[in-house]
Each structure stands twice: as structure tokens, then as C-alpha cells.
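The residues making up each chain are set out below.
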Amino acid sequence: STYTEIFFLFQQHQQTLLNQLREVTGTTDVQLLQQALQVSNGDLAEAVAYLTEKNAKVPQQDETTYYQTSQVASDRYISVGSQADTNVIDLTGDDKDDLQRAIALSLEESSRAFRETGITDEEQAISRFLEASIAENKASLKRTHTEVWSDSPNPHDRKRIDNCPVGLKNVGNTCWFSAVIQSLFNLLEFQRLVLHYSPPARVQELPRNQKEHRNLPFMQELRNLFSLMVGSKRKYVDPSRAVEILKDAFKSSESQQQDVSEFTHKLLDWLEDAFQMKAEEDREGEKPKNPMVELFYGRFLAVGVLEGKKFENTETFGQYPLQVNGFKDLHECLEAAMVEGEIESLHSAENSARSGQEHWFTELPPVLTFELSRFEFNQALGRPEKIHNKLEFPYMLYMDRYMDRNREVTRIKREEIRRLKEHLTVLQQRLERYLSYGSGPKRFPLADVLQYAMEFASSKPVCTSPVEDIDSSAPPGCAASQQFAMEQDSVAPLETQQQRLAIHKPFTQSRLPPDLPMHPAPRHITEEELRVLEGCLHRWRSEVENDTRDLQGSISRIHRTIELMYSDKSMMQVPYRLHAVLVHEGQANAGHYWAYIYDPHQRCWMKYNDISVTKSSWEELVRDSFGGYRNASAYCLMYINDKKPFLIEEEFDKETGQILSGLDKLPPDLKHYVKEDNELFDKEMQEWDALQARKAQQEKLALAAAAAAAAAAAAASILQHDPEYMEQPSPTNDSKHMQEDTERAISKAVAEQEERSPEGLLNAAIKLEYARLLRFAQEDTPLDNDYRIQHIIVYFIQNQAPKKILERTLLTQFADRNLAFDERCKSIMSVARAKLDLIKPEEVNMDEYEIWHQDYRNFRETTILMTIGLELFQKTNYVESLMYLIYAYQYNKELLTKGLYRGHDEDLLGHYRRECLLKLNEQAAAMFEAGEEPEVTTGLGIMNELVVPCIPLLLVQEVERDLLAVEDMRNRWCSYLGQEMEANLQEKLTDFLPKLLDCSTEIKSFHDPPKIPSYSALELFERFSRIMSAMGRVPSEGR
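Let me begin by describing the structure that accompanies this report.

Reading guide: rules and limits
- Residues numbered from 1 in each chain as written.
- Predicted model: local features only at pLDDT ≥ 70, side-chain atom pairs only at ≥ 80, totals over all residues.
- Heavy atoms only, no water.
- Core = buried A, V, L, I, M, F, W, Y, C linked by side-chain atoms within 4.5 Å.
- Buried < 20%, exposed > 50% of the residue type's maximum accessible area, 1.4 Å probe, protein only.
- Helix = DSSP H or I, 4+ residues; strand = E, 2+ residues; numbered from the N terminus.
- Contact = heavy atoms within 4.5 Å.
- Expected span 1.5 Å × (residues − 1).
- Polar contact = N/O pair within 3.5 Å; in protein donor to acceptor, adjacent residues only side chain to side chain.
- Phe/Tyr/Trp six-rings, centres within 6.5 Å; stacked < 30°, edge-to-face > 60°.
- Lys NZ or Arg CZ within 6 Å of the ring centre and 35° of its normal.

Moving on, we come to the nonpolar core. Counting residues in each nonpolar core, the largest one holds 94 residues, and the members touching the most others are Leu882 and Trp973. Counting residues per element, this core draws most heavily on helix H31 (residues 933-955), which supplies 12 residues. Those residues within four positions of Trp973 in sequence are excluded, and the remaining contacts are Asn921, Ala924, Ala925, Phe928, Leu940, Met943, Leu989, Phe992, Leu993 and Leu996. Among the nonpolar cores identified, the runner-up in size contains 60 residues, and Trp176, Val237, Leu246 and Met277 belong to it.

For helix H30 (residues 906-930), spanning 25 residues, the distance from its first C-alpha to its last is 36 Å, which sits close to the expected 36 Å at 1.5 Å a residue. In this structure Asp905 caps H30, since a side-chain oxygen of it lies 3.0 Å from the backbone nitrogen of Asp907. In the segment just after H30, Gly931 is the residue with positive phi, at about 80 degrees.

Inspection of the entire model under this criterion finds 32 aromatic pairs. Taken together, a centroid distance of 6.0 Å and an interplanar angle of 40 degrees make the contact between Phe300 and Phe317 tilted. With Phe300 in strand S3 (residues 298-306) and Phe317 in strand S4 (residues 309-317), the pair connects residues that are 17 residues apart, well separated along the chain. On the accessibility criterion, Phe317 (0% relative accessible area) is buried. Taking 4.8 Å as the distance between ring centres and 75 degrees as the angle between the ring planes, the aromatic pair formed by Phe393 and Phe626 counts as edge-to-face. Taken together, the positions of Phe393 in the loop between strand S10 (383-386) and strand S11 (396-398) and Phe626 in the loop between helix H21 (618-625) and strand S16 (632-641) put the pair 233 residues apart, joining distant regions of the chain. Per residue, the accessibility class of Phe393 equals that of Phe626, and both read buried. The residue whose ring lies beneath Lys413 is Tyr566, and the NZ or CZ to ring-centre distance is 6.0 Å. Sitting above the plane of the Tyr849 ring, Arg808 keeps its charged end 5.3 Å from the centroid.

Honestly, it's all geometry; don't read function into it.
What follows is the structure, encoded as C-alpha cells:
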């Protein structure tokens, strides 16, 4: 009847509000939820506030009835779509005038609101709650958005490599958006639908209502975003314009998973609405087909009993929510979700007053999404908490047991499983009595108890005298005399013994009994008694072991039977393969999201973590997704029908038969859009290259100008391109040290050579100097004796510099004007300078020459940074040490890209960089734990200014020990979430944690590099040697 249908629609709306309220607050008391809605007049935000204030005062109550209404299909398990069919068998009975008036009023208000705005009453209620939530967050927590990580200024760092999947930039707590969008984008059928979507012609001029104003622009931005993800030359793209349209939802996504899940619902709802408008325009007298509904929505049949009356109705569902708490795997979650309440009366003919229902899928969508509820509201603490329990899920999921067509078979199997589990419980209880035997607090396996008793019975008593036991220094005769005394006591009259016992002897009375054995053993047992007892114990122990084995075997067989219950071929006809896993790391009020998505063409799992897209494995997915390990776990599972390959099949060119890829997959308008963006990116790279070329030219001109100015001042021809450490205006620092080496080579050449001409001496001196430096370069030296620091030629030899570079560098050394202290050196210097002037440009590439010398300058700077950083670390000055070690590591990494001997030990620098961050984290955490305002502010300042900006540097290379260090730092701060603390500390922690947990690997600009002091080669060599002698031995696990 019409009344019945209206009644159910009203109660469905009421149940929707109840379930939303239950999800947000965690309250399960139906009466309390209804009371909150009555007090708030249906305002969801006011109802939440009412329950939050009341939660500490409300005692736990038993639910007297399972449902208070006849709408039994709870929205906690249903995401109702617009295409739902409802076939209800109503047996409720009486008319009620008051209820009819309330229904009519409610429907009239809802209808009027929908006609005016195009937004349903449910959406308005959600919007009101979100607005209240945003206002409450601003007022109570005063949160600030996580700082956005800046792009690398070098566009080549942001260039896409080959056909690697494109990442999405995190534009401020949008990792959840990236995870959802990447999962959908990699469904190629969904990707095609979005890319080839065209808005209805009738709304291109002017959208009719608010939905069209919102949905159509969002669809266009989603198309643009997908087209960039297909054909962009960028490593990652910016989703800001699509996110901007979701900004109202976006504000609440920082705090709770319910918001993220709700906006995943809304995302699909908006897409459904957009495609529905297009489908209605394209229909030709037939019911329009919505591709979003066909792709993501299914149907199930709810059958049950309400207050003794049977009902049956069909519902549409999208994402299917599942409770995690109390279950070990996905099938257990599904079994619990499919059966609610007491269902015995469903199968009986009796008119019972019990209530309950079963869900049976009648139609499964091609894309089956499960939403795992891993958050619950802690009534005592008044805040949500994350459930970290382990929940396993399979790669291949067979849904046959949940299908309506298998209802009778499944019921039989469920009943068999129920019976087996009851029997299993009895067997496990019996086994437990064998394995935990006894009546006291400590219990032991019965077989072991019998074995111990047997060992006790067969032990022989070994007695010792009390004097030997207590006083091992007694004379040898004492034991014999005491034994004699005991023998006399044993034959003395009873009266005498009683008289002796009455005498007070403090020393002897405090001693051990005279016949106490050394270890537990029977005092009196005959051979016959021992033989009988051992026989019984042996027999009993064998019986117990046999019983235990039989019980364990029966339990194993029952487990195996239950596991194989649905393994017959008839129950493996609906296979669903895991497509994507969306993961959340952190706590209820702070965390990070990423996705694992299976690539069927490469046959591997890919990890989509904002801008980072990397190959992964099933083992890594299991570690991060099952839960129970660290703070990461899956919150959404996306399965696809394995019998519908079109979902992930590539599109083929109809003429050539080739797979379409890149821009060929795009319609003309999007192809033009992507080409324009790629041209902008190409232009950006060209401008960057031109800028770098100009800078290099300016530096070269500056060097030349400086050299010319110095030459004019000295009235001599000064060589261009000669670096400062090769020639100084006065014999100080590096020049003095090198001058001494040069003079020694000249003196040795003069002593060894017969030819005394300046040119002959120059050649001989150069050969001697090169031979000396070659020995240094070839010598296997420890870390604290690095000859590269002392001389550039050693560095060049070890890195296989071209011969011409070596020759010119050595000539420059001997052309130093500071050698002119006598006529002989002056003549050799003049010959060297003349030879330099005679070198033609085509003989030595001066650009290459300058690059090699610049590399050595970089090596010296890296060495200085490393030395100072380690010296400060040794002095426990970790704040100042960090920047030196950070930049030393980065500069050193750049050097090592050109060769193994271009820089220093990367593992050594990485170890101390990591240790420095861990030390600072410990210091900051200790300051936070102190609870005093100055220390707390200083500690969080250290984290925000030093530690957090450096975390991407540890994440980007995915070195295992760096990742573990980051995990340790995060775990340390996440551990505070469950602790009681002052409100101001809780506010600061809540504000700080999103920054710490942001897994973006974009490098945020932080402090400028430390100013590098000037050291001579000898001074730097000595300081480096000292610090490396003290700290160059890294523990084996760090190297």
C-alpha cells in the first residue's frame, strides 16, 4: 500500500541518520541515538555534540530489541544508490494518525528542498555535520594545514621517465585523494569512461541546479587530470583544480577516516549523477543505463523477521562497509555482515517474536569495494581511536557463498560449519584440560606432570648433615661425631628424647632437619611400591599422550574441513581478484594514505605514494596492509570480477590493431590540453637549461675577470682558469704547502739529473712529482689517511682524469710565481709558464679542465662540511651538526654519481646523518614529555625546523635503515596519542603529527648551507684524520 511505502521511506531516512550518528560517535545504544536525534530535532551536528557531552555519564545498557523500526536494511552495511528497487512485504498492521502526519510533513519538507536545490535531505544533513565539525576543529584545536612541500626548481628532476605511471602532488593533506584517484584511474574501463565523457548538450549553456553546477565542472577537471596522468611528460601532476571543487569535503578529511570514506562515497555519487544526466539525454524511449551504477553498484536481498513478522526487500549497495574488530580475515567479516540478529526463526515455521535478517547478493558489481571500519569512538577518552588488529584478505576472493542463488547450499554449509565449530569448541576445551592441568594459578601439561611424578618416585634420597649443609668450614671429624650422636639418639629412651627436646638450644634448633635430602625424593618407598607406581605412571602418561594426539588430530581435521567447506568447484564460480588496497598509516586523528595497485601487464604490485610511484611486492603489501604490525593497515579493498577482463584491458586501434598508448588514448580536446601542458613543461626545461648556461658563462667570465685583474695588479701574465688552491698571491695556506712540494721535486731533479737546462730540470721534476703522487694514489690507505685532500693530482689519478688535464695541472703547479726565490727556480717557473702559453685550445678542452677542477673544489667543500659535522656530533652538538651532515651527504651523493672515488663513504655519512636525526628526535621527545611550556615549544621547534624537513631525504632513497629510523621517530610520537596529557599538549601534538606522518618524498627547502670556512690542504687533512680516527669506525649494522 502507499501508506506502507511511505512508512518505510520515512524509517529508511531515520535509520540513515541513526547509522551516520553511530559511525561518527561509536555509540551502539539505539535508544540513546534516537534520544539524541529527538533532542536535536534531526540535526546531525547537534546530535553529535549531545552524545559527546553525555558519553562520560551514560552507563552501558543492554539492547532490549535489535531494531526499533521495520527498516531492517541498515545503512551501516548499505550505500544506497539512486537505482534501488524496493519490494517490501509489510506485515506491520495498525494505522497511527500522529505517525502519518509526521511522515507527510517530513516528505513535504524533503521534496521541497530537493526541488529547490537538487540536493537530498541526507546530503544536507551530512553537510551540516561537516560544517559543524570544521567549526569545532577551528575553535578547539586551531589546526594549521600541513606545510606544502615545494617542487624541485630543476624541471629535469620532475621529468617523467619513459612510461612510468604519473604521481599526484600532495597539495596539503590530500594523500587520501591521491590514493582513491589512482585506484580508480588504473581501472582502465573507468579511465575510458571518464576520458570520453561529454557533458549533456542541454546544460552546456546554463546548469539547472546546484548539482549540475558542482558535478559538471568536477567531471571536466577529472577528465583533465586523467588526461595528464595518461600523456604528461611530468613525473607527477597537480590535482589542485579538482580538489578545489571538493574543498568543503577536504576541510574535514584531516581528522577522521569517516570523512575520507564519506567523500569516497560522494565522489562516486557525483560521477553517478553526471553520467545519469548524460544517460537520460541519450536514451531513446528506454530506461537509461548509467555506466557508474553498472560498474560500482550491486544488489542484495534482505530477508528476515521483525517482531515475528517476515519481510523481504531488495537494496542497492556501492561500497560495502565491514567491521574489523573481532575478526581475523575478510570472510569472517563478510559472514558477520551478511547475518544480523537471531536468525533461527527465518528457517522455522513458528511465529517467533525474534528479530534478525540475512543478506544475499543477487547481483555483484564488476568492481566490488569493501570499506574496512578501523576506527571506533572511545567513550572514556571522548575521541576516536584506530583499530590496529590484524585482518587477512586473499588475492583471489570467491563470492559464491554469499550469492542468493546459492542460499540453500550456503545455509546447509553454514549449519555444518556451526555444528563443527561447536564440536571444535568442546574438543579444544578437552584439550585445554590436558595441556593446562591443575587447580591453582599455575598449570602444566598433564603428560609433563606425570613425567615429573615418575622422576620424583624414582629419585634416590641423598642426605647430608646439617653442619655440612650450613658450615662447610667445620673440621673433618665433626660429621662422624654427629652421625654417632644421631645413632645414639635413635636408641635412647623416648623419655630422654622428650627431655632433650624441651631444652632451648638457639643454634641447633634453627638448623635444617638432620635427614633432609639434597634434592626432592621419597623418604620411604619399597621396590614393590616403586615398580607398581612406575607402571601406573608410564601407562597413564601413554594414555594421556595418546588422548592429546587424538584430540589435536581431530581439531586439525575439523579446521581443514571448515577451510575446504567452500572449495568445491560449484562454489568457486564467482572469482574476484584484488585490484587495489588503500592503506592508512597513523592514528585516528592524524595519518597518511597511499595505495597498492596491481599492474596486470607488468604482473607486479605498484605503490602509489603521492608523487612517488614505485614497484612493490605482495610481501610489502601484506606487511603494510594486514595490520597488527606498525601503525599501517588497509582501510579499503577494491576487488574486480576476474571473469570480466574488459575492466583492465587496454584499448586497441580499430584500423591497425595496435594497443593505444599515451596521447593516442585521448579524445581530441584532451589531446590538445595535454599537448599544451607538455609544451609549457618543455619550455620550462629549455628556460632552465638556458639559465644554467648563462650562470655557467657568468661564472666563467667572473673567473676570467678576476684573473685579469690580478694579472694587471701584478704586472705579469696570469693564467686563466687556474683555481685558487693551485696559485695564491702570497706563499700562505695551500700555496705554501704546494710550493714546498714543488721545491723538493726541483731539488731532487737537480741532484739526480746531469742535464742542467731549465727545460730538462722541469721535465725531470714533473716526473718525480707525478711518481710521488702516483704512489699516494695507488696506496691502500685507511679512511683517516686520505691523500686526495692533500693534493688534487691524487684525486685526478684515482678518478682517471684525462692525461692532458693531469699535465696542465702539474705545469700550473710548477708555473707558480712564488717559486721565484732563486734564479734556478725562477728559470724553471718561466719555462713552465711558457709551455702553458704554447698549449693550443684544441689540445686541452678548457671547459673539461674547469669541470674537473670544480669537482675537486666540490670535494673539498664536502670534506669540510663532513669534518665539521662529525666534530660537532662528537661534541653532542646535534643541532648545529645536522645541517653540516645533511649538506655533506647531499653534496657527496652528487659527487658519487660520477664515480666511486669522487666522494667519501656514503654509508658512513648516512649513518651519522641518521644518528643525528634520531638524537634530535630523542631530545625533542624528552622536552615534550617534560610538559613545561619552554621545553615543549623548543622540542617541537627542533622537530618542525630540523627533523621534519629532513625526513623526505631519508625516504626518497628507500634505504632500509633510513626507513626504520623514520618509523622509530614516528612511533615515538604516535605513542603519545593514547596517553593522558594536558589539553594544550594534546592540541600541539595534534597540530604537529600530520607534518611528521606526511610520507611525501618532495624535498622541502630548509636552512641555507652552512658557511664553509677556509682551510689549507694540510690543516684540513689533519682535522679530517683526527675525526676519522675517532669516529670513522661505524658499527657493522650501520655501514
